[in-house]
There are 2 protein chains.
Amino acid sequence: MFYHELNSKIDYTRTNLRWNAWGANDQDFGRKAQMPQILELLKREFQLDTIRETPAVALEDIHLPKSKLSPADLKNLSSFVGKNNLKVDRFERVFHSAGRSYYDVLRLHTNKLKSFVDAVVYPQKDSEIIKILEYCSKNKISIIPFGGGSSVVGGLEVIKGKGQKAVLSLDTTRMAEILSIDPISLTATIQAGIYGPKLEHELNLKRYTLGHFPQSFEYSTLGGWVAARSAGQQSNRYGKIEEIIASAKLISPSGVVETLRAPAASIGPDWNQIIAGSEGLLGIITEVTVKLHKIPETRKYFGLVFPEIRSSLNFIRKANHAEIKTSMLRLSDANETRLYEYLGQLGKKNTPIRILKNLIQNAVLKLKGLEEGKKCVVLVGLDGSRLDVARSFEALKPLWQKAGALYAGEKLGQNWIHGRFNMPYLRNHIMQFGMGVDTMETSTTYDRLEDLHQAGLEALEASIPGSKAMCHLSHSYHDGACLYYTILFPMDEKKPEEQWLKMKKKVSDTFANHKAPISHHHGVGFDHKSWYQNALGKTGVAGLNGLKKVLDQKEVLNPGKLFHS
Amino acid sequence: MFYHELNSKIDYTRTNLRWNAWGANDQDFGRKAQMPQILELLKREFQLDTIRETPAVALEDIHLPKSKLSPADLKNLSSFVGKNNLKVDRFERVFHSAGRSYYDVLRLHTNKLKSFVDAVVYPQKDSEIIKILEYCSKNKISIIPFGGGSSVVGGLEVIKGKGQKAVLSLDTTRMAEILSIDPISLTATIQAGIYGPKLEHELNLKRYTLGHFPQSFEYSTLGGWVAARSAGQQSNRYGKIEEIIASAKLISPSGVVETLRAPAASIGPDWNQIIAGSEGLLGIITEVTVKLHKIPETRKYFGLVFPEIRSSLNFIRKANHAEIKTSMLRLSDANETRLYEYLGQLGKKNTPIRILKNLIQNAVLKLKGLEEGKKCVVLVGLDGSRLDVARSFEALKPLWQKAGALYAGEKLGQNWIHGRFNMPYLRNHIMQFGMGVDTMETSTTYDRLEDLHQAGLEALEASIPGSKAMCHLSHSYHDGACLYYTILFPMDEKKPEEQWLKMKKKVSDTFANHKAPISHHHGVGFDHKSWYQNALGKTGVAGLNGLKKVLDQKEVLNPGKLFHS
């Protein structure tokens with residue numbers, strides 16, 4: 001029995017991965033057949049005269065400079081890992097020189113990416129990493145640690161450290177084994193380069209789950225999750241990754257930091273919580289011990305339709321304050337609800353019966369005050385024992401009823417589960433037709449949530465005239481929740497990069513003005529650096545940089561990001 | 001309605017606090033009248049020929065050196081806080097020169113304490129603290145931040161920094177107001193110098209609770225809890241303090257670090273988790289925003305009697321793995337169970353009916369395999385809605401029944417609640433009669449718990465021949481639990497300090513050999529420094545010291561402790 005339907009058959013052979021788009025070559029958007037209709041919708045919604053084709057540049061045409069590593073460097077580096085595990089070919093260098101943000105993919109598409117790593121190294125052992133770090137520190141080579149490469153915040157932006165001569169990508173995906181499972185304490189010690197599906201599949205075979213399903217799940221690694229403080233879609237039940245880790249091993253140029261395996265301790269600042277969020281600036285995360293759960297006996301995922309945003313936000317807050325066990329409370333605002341409804345209708349034939357059914361359904365919804373353009377869907381996920389799931393359902397019911405919501409059944413939940421990792425593939429297609437799409441996220445306390453929700457939408461739509469913004473609330477807590485925005489817009493034909501930069505600045509300034517963090521689970525990377533530094537303040541930034549300088553004296557690790565100036 | 005019976009009437013006027021023992025002058029051990037019987041028990045148990053009196057030295061006789069602060073220093077410091085808030089009198093200096101560990105109290109009793117602070121300053125505003133930090137940094141004066149003064153790990157050991165001329169105690173207890181409550185997000189922003197009872201009482205008046213009740217509750221402060229990563233007795237429900245904090249403000253000599261109010265974020269290493277556990281080395285914690293809970297509708301605290309340690313450990317593990325909501329699962333091992341039974345009998349008249357009742361009770365227990373000397377009591381605490389409490393009780397029942405345990409009723413639970421903050425006062429009395437008592441604690445994963453429990457007991461009893469050690473398990477988690485030891489022993493008449501140091505070393509080495517942390521909730525301070533540094537390793541220690549040197553460039557803050565060399 002497997003926890004969720006997972007695609008555990010992805011072939012991660014490098015050349016099977018798309019170098020300039022989401023996913024593997026043999027994986028695609030589930031509704032690809034309906035792309036013509038989707039494009040028609042976009043044309044209508046954005047009042048476009050025509051859909052223009054904006055094909056991506058070919059790999060051979062990418063302006064890739066010659067590697068700045070000398071033959072001696074390459075020889076030395078390959079001596080640490082074996083000749084086959086040091087790569088300098090075009091595919092490997094380009095693939096490792098960008099993440100999967102709109103901005104990164106856009107620059108790959110348009111041949112505007114300016115910096116590239118000079119080689120890629122694939123170590124398999126701690127001892128190999130130690131040699132690489134030592135060599136690079138001595139020989140002025142910057143290192144960018146690489147997990148799945150799914151960063152959407154410029155975490156992989158190729159920046160050469162001051163006075164350094166080249167940049168090396170350190171790919172961790174050859175370190176991908178589950179080392180041990182402790183069935184008594186319910187923990188597992190796992191190499192950090194493992195991809196999500198393999199990790200979950202192997203745990204599932206022993207009837208365990210990690211329960212960590214970020215949107216990037218299929219193309220991200222355990223080490224990347226920890227480095228960037230990832231959140232899984234069932235975080236209400238399992239916690240963010242920083243709550244899931246029990247201990248970790250970090251290899252820095254100055255030595256190893258390995259935290260103790262203890263359920264809790266009072267031994268100074270928590271090094272686990274320094275490693276989590278370190279985004280490659282302090283060392284290479286090679287092993288992580290995580291808390292496991294038995295695969296839940298059952299699950300129940302269902303939809304609720306609320307009349308508007310306020311009542312749905314209150315429902316989520318009250319469910320958390322009532323301490324009802326949930327795995328997920330995922331609210332789509334009115335705009336996102338409308339988009340998903342449209343996508344849901346796609347490919348269904350408009351038989352007379354269907355049209356009649358829709359008419360009746362809409363009339364009923366209207367009668368209940370659930371109007372198109374205002375109504376919001378909340379997907380509720382419950383996992384656990386049959387008893388716990390039933391009890392949570394019964395405990396939630398009076399809360400949604402009081403809020404004026406309608407129960408919309410389990411089909412919505414099932415559909416969401418089946419399509420949960422599919423949406424990023426849609427971008428691959430629409431970017432071929434002049435459409436841009438990006439996401440950004442923050443979090444705040446309940447008292448500020450409704451205001452910030454609105455301010456974020458307004459900032460986004462004002463930043464790109466003619467754009468459409470929507471939002472969902474994907475993770476919630478005792479004291480607040482995350483807000484996750486999506487913006488869809490026709491690409492600026494002449495200056496698409498500037499268009500994006502302006503949008504990014506506007507929405508990030510808005511988060512900052514509301515004293516909300518620049519990220520809830522994407523991270524800081526390069527793109528968010530200035531907002532991060534402003535919010536943390538100069539003492540906080542300087543302190544972390546002081547810590548870095550001890551661990552990474554030559555400052556070779558992921559230069560120019562987060563707290564590194 | 002108040003959450004738990006709390007003593008909110010303690011008078012914290014400095015001269016009403018004991019300078020060399022636990023608590024305030026007008027507070028005492030609840031069974032003081034039974035002290036003669038307790039002493040008799042000790043005589044019998046430890047096979048002593050006689051109970052010898054070991055009275056403490058008087059305050060006037062303490063070898064207190066002259067303050068090393070110059071009249072100019074004193075004048076300048078008092079100009080920052082006002083004349084009345086700079087203290088140099090004997091009481092204040094001695095009171096602020098030690099914590100409440102056995103070792104600290106012993107040295108006060110026997111006039112062996114060697115280092116004393118040179119003055120005590122009581123700031124009331126951030127701006128005053130900034131001036132003090134700046135002045136001390138410029139003028140080579142070490143600073144020891146002081147909350148409630150209840151450290152049991154040498155957190156207040158008076159150590160002068162290298163090249164520094166004097167030591168100043170910075171007492172935070174004049175900063176003790178609840179600044180704001182957010183009823184929507186369920187948080188409160190509170191000044192860090194507030195004592196436990198005032199904090200909880202004022203929240204209770206508004207029907208909230210923090211739910212944080214460490215053993216030191218009556219004489220410790222919010223800032224101290226955060227600085228030392230405190231755990232409250234209901235940590236299963238409310239979490240350790242590091243899970244309760246939502247944000248914090250730290251004033252360092254280099255500037256202020258103030259973390260964002262967000263329920264979760266992905267913005268680099270978590271500064272909240274660097275401030276938590278900083279034990280005064282990085283700055284003064286002046287404000288903390290904490291998560292609140294509504295006062296639970298009801299509570300049910302009851303006892304269970306298990307045949308031996310293994311079955312009771314399994315019960316606690318299974319209750320956690322079954323995700324049953326509990327506030328407390330507090331296991332006393334066989335030795336501790338025996339002591340509490342004895343204390344429970346004290347002062348009760350042995351009427352014929354009582355004797356008969358006891359005989360029958362013992363016969364029943366024996367019949368069930370619950371033998372004296374092996375049986376263990378688990379106190380279960382449930383807080384929440386009536387429904388949740390009833391459900392937890394029903395969910396736990398098959399677990400304890402399967403483990404062969406007997407339900408022992410709510411009286412045990414009630415007694416525990418009423419006496420929960422009382423035990424530390426007992427030490428005040430027995431130390432007057434040649435008896436020593438100390439506690440030490442660690443945590444480990446479930447797979448190692450039984451072994452470590454035994455190893456800790458053996459190490460303790462071997463370290464002081466003729467001593468009696470016992471243990472309870474006071475906090476439990478998904479992957480493990482805390483072990484909390486108490487050792488009782490006749491003081492070495494000639495070398496009581498060496499006796500303690502030997503014991504401390506032996507048990508700490510045992511924890512280290514089992515790869516268990518040197519503390520679960522007491523902290524590191526000075527006493528645990530070498531074990532902490534060994535476990536964290538030189539890179540981890542150096543990294544934190546690098547961070548410290550940025551925030552505290554002159555290294556005036558709590559020198560010589562934790563990661564400071």
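The name given to chain A in an unreviewed UniProt entry is FAD-binding oxidoreductase, and the organism recorded there is Leptospira langatensis. On record in UniProt, under Cofactor (unreviewed entry), the comment for chain A is "FAD". According to the UniProt record, the Sequence similarities (unreviewed entry) comment for chain A is "Belongs to the FAD-binding oxidoreductase/transferase type 4 family."

1. A closer look at the relation of the copies chain A and chain B
Expressed as a screw transformation, the operator carrying chain A onto chain B has a rotation angle of 180° and an axial translation of 0.0 Å, and the superposed copies differ by an RMSD of 0.0 Å. Both copies of the chain, as the preceding transformation shows, are related through a two-fold rotation axis. A shared binding surface is used by both copies, with 100% of the interface residues of chain A retained as interface residues in chain B.

2. Considerations on the packing of helix α2 (residues 71-81) of chain A against helix α5 (residues 126-138) of chain A
Helix-helix packing is characterised by the crossing angle of the two axes and by the distance between the axes. All names here are of chain A. Between α2 and α5, whose axes approach to 8 Å, the crossing angle comes to 160°. For the element pair α2 / α5, the angle class is roughly antiparallel. When you trace α2 past α5, the crossing you get is right-handed. Residue-level contacts link Ala72, Asp73, Asn76, Leu77, Phe80 and Val81 of α2 to Glu128, Lys131, Ile132, Tyr135 and Cys136 of α5. Of the residues in the contact of α2 with α5, the class split is seven nonpolar, one polar and three charged.

3. Points about the UniProt feature "domain: FAD-binding PCMH-type" (unreviewed entry) in chain A
Within this numbering scheme, the UniProt entry marks residues 113-295 of chain A as carrying the feature "domain: FAD-binding PCMH-type" (unreviewed entry). Its end C-alpha atoms 44 Å apart, residues 113-295 of chain A is made of 23% helix and 27% strand.

4. Observations regarding the sheet that holds strand β8 (residues 245-252) of chain B
Strands sit in the order β5-β6-β10-β8-β9 (chain B) across an open sheet of five strands; the sheet is antiparallel. Taken across any chain shown, the strands that pair with only one partner, and hence form the sheet edges, are β5 (178-182) and β9 (255-258) of chain B. Mean inter-strand twist for the sheet, computed between neighbouring axes without regard to direction, equals 10°. The pairing of strand β6 (residues 187-191) of chain B with strand β10 (residues 284-291) of chain B spans five bridges and is classified as antiparallel. Within the sheet, the bridge partner assigned to Ile190 of chain B lies in β10 of chain B and is Val288 of chain B. Sheet strands in contact with helix α19 (residues 529-551) of chain A are β8 and β9 of chain B, and its direction is about 135° off that of β9 of chain B.

5. Notes on the side chain of Asn204 of chain B
Residues and elements named next belong to chain B. With respect to the helices and strands, the residue Asn204 is situated in helix α6 (residues 196-205). Since its relative accessible area comes to 3%, Asn204 is described here as buried. Polar side-chain contacts of Asn204 include one of 2.9 Å to the backbone oxygen of Tyr208.

6. Some details on a nonpolar patch on the surface
On the surface, Ile355, Leu356, Leu359, Ile360 and Val364 of chain A cluster together to form a nonpolar patch covering roughly 460 Å² of accessible area. If you trace the backbone, Leu356 of chain A turns up in helix α13 (residues 352-367).

7. Quick notes on the domain arrangement of chain A
Residue and element names in this part refer to chain A. According to the domain assignment, chain A contains domain 1 (60-171), domain 2 (178-294) and domain 3 (298-420). Centre-to-centre, using C-alpha coordinates, domain 2 lies 32 Å away from domain 3. Taken together, the seven residues of domain 2 in the interface contact 11 residues of domain 3. A combined buried area of about 760 Å² lies between domain 2 and domain 3, and 32% of that area is made up of carbon and sulfur atoms. Joining domain 2 to domain 3, the criterion identifies eight residue pairs in polar contact (both at pLDDT 80 or more).

8. So, the nonpolar core
One finds Trp271 and Phe315 of chain A together with Trp271 and Phe315 of chain B to be the most contacted residues of the largest nonpolar core, which totals 186 residues. Non-local contacts of Phe315 of chain A, meaning those with residues more than four positions away in its chain, are made with Leu304, Phe306, Leu329, Val378, Val380, Leu396, Leu399 and Trp400 of chain A.

9. Regarding the packing of aromatic side chains
All names here are of chain A. Counted under the stated rule, the structure contains 40 aromatic pairs over all chains. Measuring from ring centre to ring centre gives 6.1 Å for Tyr12 and Tyr219, while their planes differ by 75°; the resulting arrangement is edge-to-face. Taken together, the residues span a long stretch of sequence, with Tyr12 in the segment before α1 (35-45) and Tyr219 in the loop between β7 (208-209) and α7 (222-228) at a distance of 207 residues. Taken together, a centroid distance of 5.9 Å and an interplanar angle of 20° make the contact between Trp400 and Tyr407 stacked. Since its relative accessible area comes to 36%, Tyr407 is described here as partly exposed.

10. Here's the deal with the UniProt feature "binding site: substrate" (unreviewed entry) in chain A
Residues and elements named next belong to chain A. Those residues carrying the UniProt feature "binding site: substrate" (unreviewed entry) are Arg427 in this numbering. Along the chain, Arg427 turns up in helix α16 (residues 423-430). Setting aside residues no more than four positions away along its own chain, Arg427 makes contact with Arg100, Ser101, Tyr102, Val105 and Val437.

11. Here we look at the pattern of salt bridges
Inspection of every chain in the model, using the stated rule, returns 50 salt bridges over all chains. In this structure, Glu493 of chain A engages Arg52 of chain A in a salt bridge whose closest nitrogen and oxygen atoms are separated by 3.7 Å. Of this pair, Glu493 of chain A sits in the loop between β18 (480-490) and α18 (496-513) while Arg52 of chain A is found in the loop between α1 and α2, placing the two residues 441 residues apart along the sequence. In this structure Glu493 of chain A comes out as exposed when scored by relative accessible area, which is 60%. With a relative accessible area of 25%, Arg52 of chain A lands in the partly exposed category. Notably, a salt bridge pairs Asp73 of chain B with Lys165 of chain B, separated by 2.8 Å at the nearest N-O pair.

12. What to know about a positive patch on the surface
On the surface, a cluster of positive charge is made up of Arg31, Lys348, Lys357 and Lys411 of chain A. Here Lys357 of chain A lies in helix α13.

13. A closer look at the sheet that holds strand β13 (residues 328-332) of chain B
All names here are of chain B. Taken in spatial order, the seven strands line up as β15-β12-β14-β13-β17-β18-β16 in an open sheet, and their pairing is antiparallel. At either end of the open sheet lies a strand with only one pairing partner, and these are β15 (406-409) and β16 (435-445). Across this sheet, the average inter-strand angle for adjacent strands is 25°, counted without regard to direction. Where β13 meets strand β17 (residues 468-473), two bridges bridge the pair, whose relative direction is antiparallel. In the sheet register, Ser332 faces β17, and the bridge partner there is His472.

14. Things to note about the interface of chain A and chain B
Facing 77 residues of chain A, the contacting portion of chain B comprises 77 residues. Here chain A and chain B share an interface that buries about 5900 Å² over both sides, 61% of which is from carbon and sulfur atoms. It is Pro263, Ser266 and Pro269 of chain A in chain A that bury the most area against chain B; as a group they hold 11% of the surface buried on that side. Linking chain A with chain B are four salt bridges, by the criterion used here. Residue Asp479 of chain A is joined to Arg261 of chain B by a salt bridge in which the shortest nitrogen-to-oxygen separation is 3.6 Å. Of all the secondary-structure elements, those providing two or more residues to the side of chain A that touches chain B are β8 (245-252), β9 (255-258), α10 (272-275), α11 (309-321), β16 (435-445), α17 (446-463), β18 and α19 of chain A. Ranked by the residues each element gives to the side of chain A that touches chain B, the list is headed by α19 of chain A, at 12 residues. Per-class residue counts for the side of chain A that touches chain B are 34 nonpolar, 26 polar and 17 charged.

The rules we used
Going along each chain's sequence as written, the residues are numbered from 1 onward. Think of it this way: whatever chain is written first is A, whatever ligand is written first is 1, and the rest follow in order. Only residues with pLDDT of at least 70 are given local features in this predicted model, and only at 80 or more are side-chain atom pairs given and counted; all residues enter the totals for whole chains, interfaces and linings. Values shown for side chains rest on all heavy atoms present in the structure; no hydrogens or waters enter the calculation. UniProt positions are given in the numbering used here, feature names are shortened, and annotations may be inferred rather than shown by experiment. Residues reaching a pLDDT of at least 70 in both copies supply the C-alpha atoms on which the copies are superposed by least squares. What makes two residues a contact is simply this: any of their non-hydrogen atoms within 4.5 Å. With axes taken as lines fitted to C-alpha atoms, and helix axes fitted only over the stretch in contact, angles between N-to-C directions fall between 0 and 180 degrees. In DSSP terms, a helix is any run of H or I states spanning at least four residues, a strand is any run of E spanning at least two, and both are numbered starting from the N terminus. Roughly parallel means an angle under 35 degrees; roughly antiparallel, over 145; roughly perpendicular, 65 to 115; everything else is oblique. Crossings are assigned a handedness: left-handed for a near helix turned anticlockwise from the far helix by less than a right angle, right-handed for a clockwise turn. For this classification, the nonpolar set comprises Ala, Val, Leu, Ile, Met, Phe, Trp, Tyr, Cys and Pro, the charged set comprises Asp, Glu, Lys and Arg, and every other residue, Gly included, is treated as polar. Pairing between strands requires that DSSP locate at least two bridges from one strand to the other. Exposure categories follow from relative accessible area, calculated using a 1.4 Å probe and restricted to protein chains: below 20% of the type maximum is buried, above 50% is exposed, and the middle band is partly exposed. Polar contact is defined as a pair of N or O atoms within 3.5 Å, subject to the rule that within protein one atom must be able to donate a hydrogen and the other to accept it, and that residues adjacent in sequence are counted only when both atoms are side-chain atoms. Only residues whose relative accessible area exceeds 30% and that take part in no salt bridge are eligible for patches, with like-charged residues grouped when within 9 Å of each other and nonpolar side chains (Val, Leu, Ile, Met, Phe, Trp, Tyr) grouped when within 5 Å. Every accessible area reported is derived by Shrake-Rupley at a probe size of 1.4 Å, with residue values counting cover from the shown protein chains alone. Think of a salt bridge as a Lys or Arg side-chain nitrogen and an Asp or Glu carboxyl oxygen that are within 4 Å of each other. For the purposes of this description, domain bounds are those given by an automatic or database domain assignment. Once two parts are brought into contact, the accessible area they lose, counted with a 1.4 Å probe and summed over both, makes up the buried area. For this analysis, a nonpolar core means a set of buried residues of the types Ala, Val, Leu, Ile, Met, Phe, Trp, Tyr and Cys, connected via side-chain atoms within 4.5 Å. Note on aromatic contacts: the rings of Phe and Tyr and the six-membered ring of Trp form a pair at centre separations within 6.5 Å, being stacked when their planes are under 30 degrees apart, edge-to-face when over 60 apart, and tilted otherwise. In this tally Asp and Glu are treated as negative and Lys and Arg as positive; neither His nor the chain ends contributes. Here the site of a charge means NZ on Lys, CZ on Arg, CG on Asp, or CD on Glu.

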